[in-house]
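# An overview of the molecular structure
What follows is the residue order along each chain.
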Amino acid sequence: MDYDSIAKAGSMLGSGAVIVMDDSRCMVESLKRLSYFYMHESCGQCTPCREGTGWLWRLVDRIHRGEGRPADLALLDNVAGNIMGRTICALGDAAAMPVRAMIKHFRPEFEAMIRADAGTTPVASATV
Ligand code: SF4
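Calculation notes
Residues numbered from 1 in each chain as written. Predicted model: local features only at pLDDT ≥ 70, side-chain atom pairs only at ≥ 80, totals over all residues. Heavy atoms only, no water. Phe/Tyr/Trp six-rings, centres within 6.5 Å; stacked < 30°, edge-to-face > 60°. Helix = DSSP H or I, 4+ residues; strand = E, 2+ residues; numbered from the N terminus. Buried < 20%, exposed > 50% of the residue type's maximum accessible area, 1.4 Å probe, protein only. Salt bridge = Lys/Arg side-chain N within 4 Å of Asp/Glu carboxyl O. Axes fitted to C-alpha atoms, helices over the stretch in contact; angles between N-to-C directions. Parallel < 35°, antiparallel > 145°, perpendicular 65-115°, else oblique. Left-handed = near helix turned anticlockwise from the far one by under 90°. Contact = heavy atoms within 4.5 Å. Nonpolar A, V, L, I, M, F, W, Y, C, P; charged D, E, K, R; others polar.

Let us now look at the packing of aromatic side chains. Following the criterion strictly, the structure yields 2 aromatic pairs and no others. Between the aromatic rings of Tyr-36 and Trp-57, the centroid separation amounts to 5.7 Å while the plane-to-plane angle is 70°, which identifies the pairing as edge-to-face. You can see Tyr-36 sitting in helix α2 (residues 27-41) and its partner Trp-57 sitting in helix α3 (residues 47-64), a full 21 residues away along the chain. Residue classification places Tyr-36 among the partly exposed positions, given a relative accessible area of 42%. Centroid distance Phe-37 to Tyr-38: 5.1 Å. Interplanar angle 75°. Geometry classified as edge-to-face.

Turning our eyes to something else, we now look at the pattern of salt bridges. All told, the structure shown has 7 salt bridges when counted by the stated rule. Notably, a salt bridge pairs Arg-62 with Asp-72, separated by 2.6 Å at the nearest N-O pair. Highlighted residues: Arg-62 in helix α3 and Asp-72 in helix α4 (residues 72-83), separated in sequence by 10 residues. Relative accessible area serves as the criterion here: at 2%, Asp-72 is assigned to the buried category. Across the pair Arg-65 and Glu-67 runs a salt bridge whose closest N-O atoms are separated by 2.5 Å. The exposure class of Glu-67 is partly exposed, given its relative accessible area of 39%.

Now for the packing of α3 against helix α5 (residues 91-113). Put simply, α3 and α5 touch, their axes get as near as 12 Å, and they point 15° apart. Taken together, the axis directions place α3 and α5 in an arrangement best described as roughly parallel. For the pair α3 and α5, the sense of crossing is left-handed. When α3 is examined against α5, the residues Cys-49, Thr-53, Leu-56, Ile-63 and His-64 are found in contact with a partner set consisting of Leu-91, Gly-92, Ala-95, Ala-96, Val-99, Phe-110 and Met-113. A breakdown of the residues in the contact of α3 with α5 according to their chemical character gives 9 nonpolar, 3 polar and no charged.

Right under this line is the structure:
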């Protein structure tokens, strides 16, 4: 285990925590709680983290409420991508990485929670 190997696997070394969940856990709800934590912990000093963590939480919350839109997963990825590498401290990356990882590994669970007849608001003008 070293910095380069962990980075290649899509994560990073540092202070951290291990969360153990069984397969009955709702991953959308889990990401919602995680996103709320980072939004709450953001000190607000840099814009991508201050604004982006709120966007991430509101998007995941919308999906969890059953009001997700088909474009929301791409929008989540876009917001996370605009946080990563653009903040002063590592909290921004720490907030964005789980979003991308959860969608990558549990995408069907997120898609199932997005209603089939969800709105078609274009990403550029979507309100969250
Ligand atoms: S990335 Fe760090 S410094 Fe920037 S707003 Fe978030 S917590 Fe504050």
